[in-house]
Structures are given as structure tokens and as C-alpha cells.
Amino acid sequence: MKFRIFSGLLAMAAAQPGFATGLTEAYEKALSYDSDIASARATADAQRAVTDVRRSGLLPVLDLIGSAGYTDTESPRTDDSFTRLRYGVELTQPLFRADVWFDYEASQFDSKSAFADYNLAQQELILDVATEYFGVLRAKDALTTARATELAIKRQYEQTQERYDVGLIAITEVLEARASFDDSTSQRIGAENDLDIARERLGRLTGEYAEDLNNLRQDFPLTRPQPENPDAWAQTALDQNWQIQSSIFQVDSSKLTLKSAKADHYPTVDLSASYIESDVSGLETGGFATIGSADGITTDAVIQLSVRMPLYAGGGIQAGVRQQRSLVDVAEESLNTVRRDVRVNTRSLFRTVNTNIESASALEQTIVSRRSALDATRAGYDVGTRNIVEVLDAERNYYIALRDFANARYDYVVNTLSLKQAAGTLSPQDLVDINRWLSATAPGIEALATDTDALDESLDD
């Protein structure tokens, strides 16, 4: 299993000519600021350290041994006192520790699972940044639509007031126009609040409050996912999705932990070697006849093979095996659930992306139709065949069509990234590719709403 280093790929992409600020810059800031990705990175590093700790249980242990003591012995035959200094080294090498070996292998799979979670966290950060980035653009478009609607209805309200003042229409139409204008003002206030919240959500990831973001160019292509087969995408997800990979490693780890629990029944074998010197001073051995000195240094060199066989541990070993066997079942069932969820989610996202494309295409035509309907309704109002309510409805429907078209494009981008994330193929390069279609000079829906020629030209393109 090769783990992707997303930050390195992003740095390489950033070095390419034409790397513009915008979506990729937001991700780069989030990569160094977001606490969730930092936590996932630290968790992966900690689990790698756990593997090193488990491996140490299979390696030699070298100890430096030292002790000092004073002994005073009194008896009818002896009255002795002496000091003893002991110093040396002891080397212990485990020869057979099945439980430690299985724990070490389990920790390796735990480490792989942690790094799979880290890669998943990076993909989720990519998706979160894109979602919040286009969420700001979405809220900005909604505010533009609300403001344009408010201005248009205000204009109609003022014209209605003027016609009423000269006695051409009844007061009812003035009241209808005033009610629509008040409602549009309320919607504009709500849209302003939504934009502030959207900017705060993006700032939570990047650490900066976003004011101006590059928008999608009008010629941004909406292409169908390749391959055009939901089963192929689902199979790719089953093979590469990082959540599935993490769950697979967790199952492998649980199985090895079960072996470790069973290994508590096995014997353990250790080989040890020690070299110890003892320095005794002040010792005298005496009897009825002679008294002689026993001071001096003695040396002990010992090689020892130790075998320990557990016989009974109060039933704890058997209980531990039963517990771990159940945990293996839990891990396997969790893996099955993740696989099913990923498969369904991937196929659903595939269909959603294609629906976004069809919706955007239909909404393009809706904009043209709504614009024509608005012009015709205004002309009818001028000659007296349409009333003010119909004009206000046509105004509102036109701006709603503009907003829905922009939302359909944003939905396409976010859902395409979600599809790749589900398939396990999402990377910062996808953000780089999208960023090439972002521009600070791209005409937003405000320009299209106020410039019929720009609208027609953009739709023709």
C-alpha cells in the first residue's frame, strides 16, 4: 500500500506556471491551519511510534547492574561485618514470545490504518475547502440575486406609484407592489447574513475571512464522469476508498490481536547472559584456631536459558480470547457496512453529477426563456394587457433562473469532487484543475442580470 503525500503534490502543482490564487490558495492555507488535519497527522505519527514500541519487545535488552550493601553478623561463633559492591552487565534476548510477535504485527496494521485515516482526512479537507469556497460564491450569488430582485421590484413599485398618482391604476396594484418590495428587502437582508456565515465557515478552515473569491468562468465545461459506468466507479471505490482500506487494516489487526490473546497459553523462552563482579571488603572468617582474611573480588559469568509455561491464570486468558474473537466479528461487520455505504454513495454521486449536468443545461435555456418572458410581460404591462403582479413575478423568476443556473454549476463541481473522494482518487490536482477555470474577471450573475447582451453572449458561448 502506497500512501499519497498530498502536500507534496500540492507544492509541485503550485510551482507550475499560471498557479493562480483562489481555490488552491484556500486549500494551501487550510492545510497548515486546520486542526483536524493536524490531529490526523499526529495520530498517524503516534501509531507509528507504537509499532516501534511493540518491536522493542522482540529485540535484546542490555542492563547495567550495580548494588552496594553493608552486612553486620553476630552469633556465638561469629562476629563479622563487611561491605559488598556488585556491578556488571546483563543481556537478555527473547527467543520465543508469540504474544509479543503478534502484537507487533497487529501494530503494523494499526499504523497502516492510521495513515489511511490520514489520507482520508486530507481528501475530506480538499472536499470541505471546495464546499465552503463555492458555498461563499453560492451565497454571494444569492445576495446578488436578492439585491437585483429588490432593485427591480423597487423600480416597478415606483412606476406603479407614479401611475397611481396620475390616476391610471387602482391603489390595489400599488399595495401589491409595496408588499413585493418589502418581501424582497427581507430576502436581501437574509442573503447578506447567509453570506457572512458562509465566509465564516470558510475562514474556520483557512484562518482568514474571505472577502473576494475568484468565480467560475462562463465557459467552464461540465463533462460527464469517465468512465460513464456507475459499476466501474463503484469497483474503483471498493478497491481504493481510504475508509475501506482503513477498515480492512483494522480487521487484520483484530485477527492478529486474537492470535496474541491465544498465545498467552504458549511458553516463553528467553536467553540471558550476565557478567558481574563482586567486591567484598572487611570480611573476616574466624574459629577457635585461626583467623584469616576473606576479602577480594569475585567474578560471575552466567549464560542462562529461561522457559516459562503458564498453567492457570484464573480463567483470564480464555476470557480474553472470547473477548477478542467478538471484537474481530465487530471489525468484520463494520467493514461490511463501510463497503455497502461506499458502494451506494459512489453510485448515487455518479448519477447526481450527471443530473447536475442535465439541470445546468436545462437552466441555461430557462434563463433565455425567463428573459424573453420578462421582456414580453413588461411590454404587455406598458400597453395594459398585463398587470403589475405578473411583471413582478416575471422579474423574480428571471433572477431565480440566474441563481439556480449558478447553483447547478457549483453543485456539479462539489459533487464531482465528492465522487472522486468516494472512489479514493481525489487529490489536490483536482483543485488545481478547477482553479484554472476560476478568474477574478469572470462575469457573475450580477453582470448577466444587468446586461442582456452579456447574458446572450455567454449563453451563445
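Residues numbered from 1 in each chain as written. Predicted model: local features only at pLDDT ≥ 70, side-chain atom pairs only at ≥ 80, totals over all residues. Heavy atoms only, no water.

1. Some details on the overall build of the chain
Helix and strand counts for the chain come out as 12 helices and eight strands. Looking at the chain as a whole, 39% of its 461 residues qualify as buried. Taking the contacts inside the chain whose residues are at least 6 apart along the sequence as the reference set, 83% of them involve residues at least 24 apart. Put simply, the chain shows about 24700 Å² of open surface, and 51% of that area lies on carbon and sulfur atoms. (Helix = DSSP H or I, 4+ residues; strand = E, 2+ residues; numbered from the N terminus. Buried < 20%, exposed > 50% of the residue type's maximum accessible area, 1.4 Å probe, protein only. Contact = heavy atoms within 4.5 Å. Areas by Shrake-Rupley, 256 points an atom, 1.4 Å probe, with all protein chains shown as cover.)

2. Quick word on the packing of helix α7 (residues 242-262) against helix α8 (residues 316-383)
With their axes 9 Å apart at the nearest point, α7 and α8 run at an angle of 170° to one another. One way to sum up the angle between α7 and α8 is to call them roughly antiparallel. Our pair here, α7 against α8, has a crossing hand that is left-handed. (Axes fitted to C-alpha atoms, helices over the stretch in contact; angles between N-to-C directions. Parallel < 35°, antiparallel > 145°, perpendicular 65-115°, else oblique. Left-handed = near helix turned anticlockwise from the far one by under 90°.)

3. What to know about the layout of surface pockets
Taken as a whole, the largest pocket holds about 340 Å³ of empty space. Along its surface, the largest pocket is lined by 17 residues, and Thr223, Tyr412, Thr416, Lys420 and Ile434 are the ones closest to its centre. Secondary structure elements with two or more residues in the lining of the largest pocket: α9 (388-423) and α10 (428-435). Take the lining of the largest pocket: its biggest share by element is six residues, from α9. Partitioned by chemical class, the residues of the lining of the largest pocket number 10 nonpolar, three polar and four charged. (1 Å grid on protein atoms, 1.4 Å probe; cavity = no way out; pocket = protein on both sides within 12 Å on 5 of 7 lines; lining within 4 Å. Points joined across faces, edges and corners; volume = space filled by probe spheres on them. Nonpolar A, V, L, I, M, F, W, Y, C, P; charged D, E, K, R; others polar.)

4. Re helix α3 (residues 35-56)
End to end, α3 covers 32 Å across 22 residues, agreeing with the expected 32 Å (1.5 Å per residue, within 8%). Looking at where α3 begins, the residue whose side-chain oxygen comes 3.2 Å from the main-chain nitrogen of Asp36 is Asp34. (Expected span 1.5 Å × (residues − 1). Polar contact = N/O pair within 3.5 Å; in protein donor to acceptor, adjacent residues only side chain to side chain.)

5. With respect to unusual backbone geometry
A cis amide bond links Gln226 with the next residue in sequence, Pro227, at an omega value of 0°. Looking at where Pro227 falls in the secondary structure, it is placed in the loop between β3 (215-216) and α6 (230-240).

6. Considerations on the packing of α3 against helix α4 (residues 98-165)
Viewed as axis vectors pointing N to C, α3 and α4 meet at an angle of 170°, and their least axial separation amounts to 8 Å. The angle between the axes of α3 and α4 places the two elements in the roughly antiparallel class. The hand of the α3/α4 crossing is left-handed. Tallied by class, residues from the contact of α3 with α4 come to 11 nonpolar, seven polar and seven charged.

7. Topic: the pattern of salt bridges
Two side chains that carry opposite charge are able to pair once their charged atoms sit near each other. Under the defined criterion, the tally for this structure stands at 25 salt bridges. Here Arg178 ties to Asp182 by a salt bridge, and the two come within 3.3 Å at their closest N and O atoms. Taken together, the residues Arg178 and Asp182, both in helix α5 (residues 171-206) and four residues apart, mark about one turn of the helix. For Asp182, a relative accessible area of 37% puts it in the partly exposed group. Put simply, Arg188 and Glu192 hold a salt bridge, and the shortest N to O gap is 3.4 Å. (Salt bridge = Lys/Arg side-chain N within 4 Å of Asp/Glu carboxyl O.)

8. Some words on the side chain of Asp270
Along the chain, Asp270 falls in strand β4 (residues 268-281). A polar contact is formed between the side chain of Asp270 and the side chain of Arg97, at a distance of 2.7 Å. If we skip the residues at most four places from it in the chain, Asp270 touches Thr92, Gln93, Pro94, Leu95, Arg97, Gln304, Leu305 and Ser306.

9. Section: the confidence of the model for the chain
Per-residue pLDDT for the chain has a mean of 86; in total, 87% of the residues score no lower than 70. Across the chain, the secondary-structure element scoring lowest on mean pLDDT is helix α1 (residues 6-14), at 39, and the one scoring highest is α6, at 96. Long-range and interchain partners of residues 286-293, a stretch whose pLDDT sits below 50, account for nine contacts in this model, where long-range means more than four residues apart. Predicted confidence for residues 452-461 stays below pLDDT 50, and this span has 12 contacts to residues more than four positions away or in other chains. (pLDDT = per-residue confidence, 0-100.)

10. Looking at the nonpolar core
For soluble globular proteins, nonpolar side chains are generally found buried alongside one another. With 51 residues, the main nonpolar core has Leu23, Leu125, Val129, Tyr133, Phe134, Val413 and Leu417 as its most contacted residues. Elements with a minimum of two residues in this core: α2 (23-33), α3, α4, α5, α8, α9 and α10. Looking at this core element by element, the count peaks at 16 residues for α4. Among residues more than four places away in sequence, those in contact with Phe134 are Leu23, Leu216, Tyr410, Val413, Val414, Ile434 and Leu438. In terms of nonpolar packing, the next biggest core, distinct from the first, is built from 13 residues, Ala152, Leu363, Ala394 and Tyr398 among them. (Core = buried A, V, L, I, M, F, W, Y, C linked by side-chain atoms within 4.5 Å.)

11. Focus on the side chain of Glu132
Along the chain, Glu132 turns up in helix α4. When residues no more than four places from it in sequence are discounted, the contact partners of Glu132 are Arg201, Leu202 and Leu205.

12. Some details on a nonpolar patch on the surface
On the surface, Leu95, Phe96, Tyr266, Leu271, Ile303, Leu305 and Val307 cluster together into a nonpolar patch covering about 710 Å² of accessible area. Secondary structure elements with two or more residues in the nonpolar patch: β2 (79-96) and β7 (296-308). Here Ile303 is to be found in strand β7. Given a relative accessible area of 71%, Ile303 falls into the exposed group. (Patch = residues over 30% accessible without salt bridge, like charges linked within 9 Å, V, L, I, M, F, W, Y side chains within 5 Å.)

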